[in-house]
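If you want the building blocks of each chain, they are given just below.
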Amino acid sequence: MTSSDRHYDVIVVGGGHAGVEAANAAARMGATTALVTMQGDNIAQMSCNPAIGGLAKGQIAREVDAMGGLMGLATDLAGIQFRMLNRSKGPAVWAPRAQADQDDYSRQMTRLLKAVANLDIVVGTVDGLKIADGAVQGVVLQDGGVLAASAVVLTVGTFLRGMMHTGEKQWAGGRYGEAAAEELSCGLSEAGLRLERLKTGTPARIDANTIDYSGLGEQPGDDDPRPFSFMNDRITQSQVSCWVTYTNSRTHEIIRSALDRAPLYTGQIKSIGPRYCPSIETKIIRFADKDRHQIFLEPQGRDTNWIYCNGISTSLPCDVQEAMIHSIEGLEQAKILRYGYAIEYDYIPPDQIYATLETKKVAGLFLAGQINGTSGYEEAAGQGLLAGVNAARRVAGQEPVMLRRDEAYIGVMIDDLITKGVDEPYRMFTSRAEYRLLLRSDNADGRLTAKAHDWGVTTAERWERFQKKEQQKQELAEELEARQIDGKPLVQLLRQQGRGVDWLMEQVSDLVERGYMADAWETVVNDLRYEGYVQKQQRLVERFAKAERVKLPADLDYRQIPQLRCEAQEKLEAVRPITLGQAARISGINPADITVLMVHLRRK
């Protein structure tokens, strides 16, 4: 539809990975929802790497799927290579990853969205918000149209006053070939929200037909690829290979000699970029002792000649990019189809939002994705889903919902954002999750699907499948607990080093014939193998749960607690933690401050 004056329950601004999950969640919960996007033909566009998942990100993608999100479904349909990373380590850090067909992923996501009831896709640009009495009332479009709603979710990615850089060249844009959102930042500032700047970047794309593959390492997909979505049993499409090459001393010398023209080092770019996904010019300075850096050559689709050069993100001038790429083995004759670039953009530091992702300054205004200072499709999708849920619940007059750190990586991420803030684009890692053995990729549905069902996000088909799997898990666990091999309990043998699903299935072929789901086997085996460790982590969760249950009054004036240090007063006033446990995780808050708070609460 085109823009016009109309009323919705929830408006989602931005058609990226956060936006589609927010819109899907809100609409499935019964809220009339509008997804406003600048262009209707690039929904869920993979602006950078055409891949879903990876270390910790794969766990988030499965959590999104477990709660009725669309990311896993679209990935299984559009994936061209599937791999389970970290197989040599424990299941807590196993991470599914899929290379996707960039264009097909967007098509599949658009198709899935259009099948959702209560959802309109509106093509337009949001220039401002309508706010009255401290609460959002809707959005104002560039063409003058107004869409009214009592809840708005902003998922604007890198579009807020986006400025792109390649060498000395600068131009306004939200991503390659698309205009920036220039007016919305002013409206957010006027609403009392503090905006700051971050930076991200992307590498060159090259022509697959101009690569010399003879000396490169091939990286195929898994022989038995695992789906991302819990709704699917298997991946049936053929897979394509990625390829590996490396920079070298000549490459590094070309880059070093051009640093006086690099926007990152001339002062042209003033914002901070992601520490864990640095540009190649940053790599050769930060890791000066390394004589090479790995590059993954990843197809952007099944039927395209475009190759994504993962590992050499850059904003160097075009002529330097040409020389740099042609110095790399296999790429001596490579044709560059698009040069790498950096982009600076506005974001809202996340100390200004609650754990529900609603802003503290404007009631009914929710933020998700890069606007909160995060990076990555998966981090954005997780925030988008929860923001969409809470936006719909607010409209319905229901209490907001949150995810704890022991319940989901999404809970870890949001808690990190609001208690620690960001000074660079936030990226999820397994090391950030203290209960990661509880937060495995295989058990995401067991942790989250029942919650999402209670919220009204899941389909009847998903709920039926989940219940079937839970029944199978119980039956399978009981069977395995009762069995012995050569007089020894089967589960005891299973816990011995190197024992896994394949070994187990060889021992109990009669159970295999019953046709239990592959996901059921994996989760039961992991639960049994690591039962002692899981119980230990659960005891830790219970120990800290007491602090999480202590609610802090919403109107508590921390400045009126004289025993609190001035720094603690300022930090607590800024974050406004919901629980005592959350207060304890705020950067700069020490145990003595928590003791003072506990004494104050008891007196009250």
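Anything mentioned here points back to the structure above.
Residues numbered from 1 in each chain as written. Predicted model: local features only at pLDDT ≥ 70, side-chain atom pairs only at ≥ 80, totals over all residues. Heavy atoms only, no water.

Engineer: Explain the overall build of the protein to me, and be specific about the residues and the numbers.
Structural biologist: For the protein, the helix and strand inventory stands at 21 helices and 24 strands. In terms of C-alpha radius of gyration, the protein reaches 25 Å, essentially the compact-globule figure of 25 Å for 604 residues. Once the C-alpha set of the protein is aligned to its principal axes, its extents read approximately 75 × 70 × 50 Å. When the 604 residues of the protein are sorted by exposure, 58% land in the buried category. Only carbon and sulfur atoms are counted for the fraction: they give 47% of the accessible area of the protein, which is about 24900 Å². Side chains of the protein give 71 positive and 79 negative charges; the mean places of these two sets differ by 5 Å. (Helix = DSSP H or I, 4+ residues; strand = E, 2+ residues; numbered from the N terminus. Rg over C-alpha atoms; globule rule 2.2 N^0.38 Å. Buried < 20%, exposed > 50% of the residue type's maximum accessible area, 1.4 Å probe, protein only. Areas by Shrake-Rupley, 256 points an atom, 1.4 Å probe, with all protein chains shown as cover. Lys, Arg positive; Asp, Glu negative; His and termini not counted. Charge placed at Lys NZ, Arg CZ, Asp CG, Glu CD.)

Engineer: Just give me the short version of the side chain of D101, but keep the residues and values in it.
Structural biologist: Residue placement: D101 occurs in the loop between β6 (95-100) and α4 (102-114). Looking at D101, its side chain comes within polar contact range of the main-chain nitrogen of D103, at 3.3 Å. Beyond its immediate stretch of four places on either side in the chain, D101 contacts A78, I80, Q300, G301, R302 and D303. (Polar contact = N/O pair within 3.5 Å; in protein donor to acceptor, adjacent residues only side chain to side chain. Contact = heavy atoms within 4.5 Å.)

Engineer: Which residues make up the nonpolar core, and what values go with them?
Structural biologist: Of all hydrophobic cores here, the largest spans 112 residues; its most connected members are I11, Y105, L154 and L188. For this core, the element with the most residues is helix α10 (residues 377-395), which contributes 9 residues. With near-sequence residues (within four places) excluded, L154 lies in contact with V13, L129, L184, L188, L365, F366, L367, A368 and I371. Core analysis: the second largest hydrophobic core is formed by 26 residues, A258, I295, V320 and A334 among them. (Core = buried A, V, L, I, M, F, W, Y, C linked by side-chain atoms within 4.5 Å.)

Engineer: Tell me about the pairing of strand β18 (residues 294-299), residues and numbers included.
Structural biologist: Where strand β17 (residues 242-246) meets β18, 4 bridges bridge the pair, whose relative direction is antiparallel. Looking at the pairing, W243 lines up with L297 of β18. Sheet analysis places β18 next to strand β19 (residues 306-310), joined by 4 bridges and oriented antiparallel. If you follow E298 over to β19, its bridge partner there is Y308. Counting the residues in the hairpin turn of β18 and β19 gives 6 residues. (Pairing = 2+ DSSP bridges.)

Engineer: Go over the pattern of salt bridges with me, naming the residues and quoting the values.
Structural biologist: Once the charged atoms of two side chains with opposite charge are near each other, the side chains can pair. The tally for this structure, following the rule as stated, stands at 42 salt bridges. In this structure, R447 and E63 form a salt bridge, with 2.9 Å as the shortest nitrogen-oxygen distance. You can see R447 sitting in helix α12 (residues 444-455) and its partner E63 sitting in helix α2 (residues 57-66), a full 384 residues away along the chain. For E63, a relative accessible area of 0% gives the class buried. The closest approach of N and O atoms between D406 and R404, which form a salt bridge, is 2.9 Å. For R404, a relative accessible area of 41% gives the class partly exposed. Counted as one network, the salt bridges with shared partners bring together R405, D415, D416, K420, E434, E548 and R585. (Salt bridge = Lys/Arg side-chain N within 4 Å of Asp/Glu carboxyl O.)

Engineer: Residue-level account of helix α6 (residues 249-256), with values.
Structural biologist: Looking at α6, one finds that the buried residues are T251, H252, I254 and I255. The arc that holds the buried residues of α6, viewed along the axis, is 160 degrees, so those residues lie on one side. Away from the buried face of α6 by more than 90 degrees, exposed residues S249 and R250 are located. Where α6 is buried, its residues meet α8 (280-286) and α9 (318-326). The N-cap residue of α6 is N248: its side-chain oxygen and the backbone nitrogen of R250 are 3.0 Å apart. (Arc of directions from axis to C-beta.)

Engineer: Provide a residue-level description of the sheet that holds strand β4 (residues 51-53), including the pertinent values.
Structural biologist: Spatial strand order, β4-β6-β5: 3 strands in an open sheet with antiparallel pairing. Among the strands making up the open sheet, the edge pair consists of β4 and β5 (79-85). Direction aside, neighbouring strands of the sheet carry axes that sit 15 degrees apart on average. Sheet topology places β4 next to β6; 3 bridges connect them, and they run antiparallel. Directly across from A51, in β6, lies its bridge partner Q99. (Axes fitted to C-alpha atoms, helices over the stretch in contact; angles between N-to-C directions.)

Engineer: Quick one: what's the story with α10, residue by residue and with numbers?
Structural biologist: Side chains three or four residues apart in an α-helix point the same way, a direct result of the helix having 3.6 residues per turn. Compared with an ideal rise of 1.5 Å per residue, which puts 19 residues at 27 Å, α10 spans 27 Å between its outermost C-alpha atoms and is within 8% of the ideal. A positive phi of about 75 degrees marks G397, the residue just after α10. (Expected span 1.5 Å × (residues − 1).)

Engineer: Break down the packing of α6 against α9 for me, citing the residues and quoting the values.
Structural biologist: Two numbers describe how α6 lies on α9: the axes approach to 8 Å, and their chain directions differ by 170 degrees. Here α9 runs roughly antiparallel to α6, going by the angle between their axes. Where α6 approaches α9, its residues R250, T251, I254 and I255 are matched on the opposing element by V320, A323, M324 and H326. In the contact of α6 with α9, the residues fall into 5 nonpolar, 2 polar and 1 charged. (Parallel < 35°, antiparallel > 145°, perpendicular 65-115°, else oblique. Nonpolar A, V, L, I, M, F, W, Y, C, P; charged D, E, K, R; others polar.)

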